[in-house]
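Letter by letter, the chains look like this.
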Amino acid sequence: MWNGDELDLAAYLARIGLGGDGRELRPDLGTLYAVHRAHTAAIPFESLDVLFGRPVVLEVEALEQKLVHGRRGGYCYEQNSLLAAALERIGFEVSGRGARNRTRGDTLLAVTHAVLVVTVDGEPWLCDAGFGYQGPREPVPLGRPGTEVRQGPWTFAVQEEEGGVLALRIRRGDAWRDLYAFSPQRYHPVDYVVLNHYSSTHPRSSFIGRTFVQRPGDTVRTTLVGRELMRLHPDGRTERETVAPDGLPALLEREFGLRLPERDAAELVRIHRSGD
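As the structure is a prediction and not an experimental result, all values here were calculated from the model.

### Concerning the pairing of strand S3 (residues 111-120)
Judged by how many residues are buried, S3 sits mostly within the fold: seven of 10 residues are covered. Of the strand pairs in this sheet, strand S2 (residues 93-101) and S3 are connected by eight bridges, and their pairing is antiparallel. In the strand pairing of S3, Glu 93 is matched with Thr 119. Looking at chain direction, S3 and strand S4 (residues 123-127) are connected through five bridges and run antiparallel. By the bridge assignment, Val 118 is partnered in S4 with Trp 125. In this antiparallel pair of consecutive strands, S3 and S4, the connection spans two residues, and Asp 121 shows a positive phi of 50°.

Right under this line is the structure:
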């Protein structure tokens, strides 16, 4: 389904830091954890192609060229399509879901987030490399709703709601906050093509005309929205600073491991200078 046979798995594993040890990857829970953690550590969330007005292509060949060989990042459809192809190639059973973002309070948003459900030994696991700085670093069990899952200093839980809807939550200080919710309906790659078209072209999409670059670090989670850099701590504290346009390319490399080609770096600076 995810065209994993088209992926250069060795190149992908090298990109996320798992290649070269000669270990055979098996479709077991240990491998799922290792790949998920390595992917989220190595490949940052970013939607710069949308900002630049370029098409976002979800075919495996294009994703490999951009995120693997080009050492770029991507947003949810790119990240999780690439992850799905790799997991399928290893031998996992992978299916898609469409989720509603709940980080904006009580506002009902459309289904625009792509997540994965991976089944290992009959048990479903939520896998998501594409929710940016607030997303999980590791798989989250779906078969035991309400169970708190520690990932370093961060705690996640899945809450079951009416109609089989599952909501992923994160603890921020002493409070729980919903991140997103999804139904049991399976999504296929073609469905993500439609969602991707809305997110990358519709004038009401939050990605249009805005810079988003994010990384879910082990301790501090970092996000750049526009020219504001924010660091989120497990106790709920946030640190904010404003970045000058000329400082954006160096910041992307320092904070997110993202080195833009000269043309893209110049375009990013130009866009933000024009907004002053």
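Once you've had a look at it, read on.
### Topic: the packing of aromatic side chains
Tallied over the entire structure, the rule returns 10 aromatic pairs. Judged by centre distance (6.4 Å) and plane angle (35°), the ring pair of Phe 45 and Phe 207 falls under tilted. Highlighted residues: Phe 45 in strand S1 (residues 45-46) and Phe 207 in the loop between helix H6 (189-201) and strand S10 (212-216), separated in sequence by 162 residues. What makes Phe 45 buried here is its relative accessible area of 8%. Classification of Phe 207 by relative accessible area gives buried; the value is 16%. Note on Tyr 77 and Tyr 192: the rings are 6.3 Å apart at their centroids and 45° apart in plane angle, and the pair reads as tilted. With Tyr 77 in helix H5 (residues 76-90) and Tyr 192 in helix H6, this pair connects stretches of sequence that are 115 residues apart. Judged by its relative accessible area of 1%, Tyr 192 is buried. Aromatic rings pair up to connect Trp 2, Phe 45, Tyr 75, Tyr 77, Tyr 187, Tyr 192, Phe 207 and Phe 212 into one cluster.

Conventions used here
- Residues numbered from 1 in each chain as written.
- Predicted model: local features only at pLDDT ≥ 70, side-chain atom pairs only at ≥ 80, totals over all residues.
- Heavy atoms only, no water.
- Buried < 20%, exposed > 50% of the residue type's maximum accessible area, 1.4 Å probe, protein only.
- Helix = DSSP H or I, 4+ residues; strand = E, 2+ residues; numbered from the N terminus.
- Pairing = 2+ DSSP bridges.
- Phe/Tyr/Trp six-rings, centres within 6.5 Å; stacked < 30°, edge-to-face > 60°.

Purely geometric numbers; function is a separate question.
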